[in-house]
Amino acid sequence: LIAGGDNTSSAGAPGNNSTYYSGLMTGGAASSITQVGTGAMTFQGPMAWGMTGTINVSGGTLAVGAANAMPYLAALNVGPGGVFNLNAQATILGSLSGSGTVTNTGGSQILTIGRDGASTTFSGALLGAGNLALTKIGAGTLTLQPGTGTNATGNLIVNDGAVVLSGAGASP
């Protein structure tokens, strides 16, 4: 599952099976890794920070299994039907986009977004009443259009760039 250079890799467990990955992730801006299927993939890291491409969650669940398990310069796109679970792990992402679900099961944790400076829109559900906080860093703008079922009530902190809240239920 190494997206070396500008390659693309897809991973996913058939059915409702789970897969765990704890190797290195490297690759340039054109590299991508895609979670497919209905199962779960857990990144158990810590990962090499060389990957600057995109991690797509097209189906199933991508979970964080350890601190620093996500390449912090990578863009995360959570598609419809996809779930990204912080799993009670502090996580830094290059950017966040898509219309799937971001959740945090377990203890309170912070999702830090914006390391790559890109401007993106996330229109999916943010789940984790009281235990999912968002911190925006980097020069870009994060537009949040919370989807149906959003119940995240953690803090929203803007350290750099901007956050635009729009749509029904957009108030923090």
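Computed from a predicted structure; not experimentally measured. (Residues numbered from 1 in each chain as written. Predicted model: local features only at pLDDT ≥ 70, side-chain atom pairs only at ≥ 80, totals over all residues. Heavy atoms only, no water.)

Caption draft 1: Examining the overall build of the protein chain more closely. Looking only at helices and strands, the protein chain features zero helices and 18 strands. Relative to its full complement of 172 residues, the protein chain shows a buried share of 47%. Taking all contacts inside the protein chain whose residues are at least 6 apart in sequence as the whole, residues at least 24 apart take part in 29%. (Helix = DSSP H or I, 4+ residues; strand = E, 2+ residues; numbered from the N terminus. Buried < 20%, exposed > 50% of the residue type's maximum accessible area, 1.4 Å probe, protein only. Contact = heavy atoms within 4.5 Å.)

Caption draft 2: Structural context of the pairing of strand S16 (residues 141-144). Note that strand S13 (residues 120-122) and S16 share three bridges and pair parallel. What sits directly across from Thr 121, in S16, is Thr 143. Pairing of S16 with strand S18 (residues 162-165), which is carried by four bridges, proceeds in the parallel orientation. When the sheet's bridge partners are listed, Thr 143 is paired in S18 with Val 164. (Pairing = 2+ DSSP bridges.)

Caption draft 3: Fine view of the sheet that holds strand S12 (residues 109-113). In space, the four strands of this open sheet follow the order S9-S12-S15-S17, with parallel pairing throughout. Across the chains shown, the open sheet's two edge strands, defined by having one partner strand only, are strand S9 (91-93) and strand S17 (156-158). Across the sheet, the mean angle separating the axes of adjacent strands is 15° when strand polarity is ignored. Pairing between S12 and strand S15 (residues 132-136): five bridges, direction parallel. (Axes fitted to C-alpha atoms, helices over the stretch in contact; angles between N-to-C directions.)

Caption draft 4: Representation of the side chain of Thr 135 within the structure. You can see Thr 135 is positioned in strand S15. Thr 135 sits in the buried class, given a relative accessible area of 9%. Aside from chain neighbours lying at most four places away, what touches Thr 135 is Ile 110, Leu 111, Thr 112, Ile 113, Ile 157 and Asn 159.

Caption draft 5: Representation of unusual backbone geometry in the model. Of note, the phi angle at Asn 87 is positive, near 55°, even though the residue is not glycine. By secondary structure assignment, the location of Asn 87 is in the loop between strand S8 (82-85) and S9. The class of Asn 87 is partly exposed, set by a relative accessible area of 30%. For Ala 88, which is not glycine, the phi torsion reads 65° and is therefore positive. Here Ala 88 lies in the loop between S8 and S9.

Caption draft 6: Representation of the side chain of Thr 120. Along the chain, Thr 120 falls in strand S13. Its relative accessible area of 16% is what places Thr 120 among the buried residues. Leaving out residues up to four positions away in the same chain, Thr 120 has contacts with Ser 95, Leu 96, Ser 97, Thr 141, Leu 142 and Thr 143.

Caption draft 7: View of the nonpolar core. In terms of nonpolar packing, the biggest core is built from 27 residues, with Leu 62, Leu 76, Phe 84, Val 102 and Leu 111 touching the most fellow members. Of all the secondary-structure elements, those providing two or more residues to this core are strand S4 (40-43), strand S5 (54-57), strand S6 (60-64), strand S7 (75-78), S12, S15 and S16. Contacts of Leu 62, omitting those with residues within four sequence positions, involve Met 41, Phe 43, Ile 55, Val 57, Met 70, Leu 76, Val 83, Phe 84 and Asn 85. (Core = buried A, V, L, I, M, F, W, Y, C linked by side-chain atoms within 4.5 Å.)

Caption draft 8: A look at the pairing of S5. Sheet topology places strand S3 (residues 32-35) next to S5; four bridges connect them, and they run parallel. For Ser 32, the partnering residue across the bridge sits in S5 and is Thr 54. The pairing of S5 with S7 spans four bridges and is parallel. Its bridge partner being in S7, Asn 56 is matched across the sheet by Asn 77.

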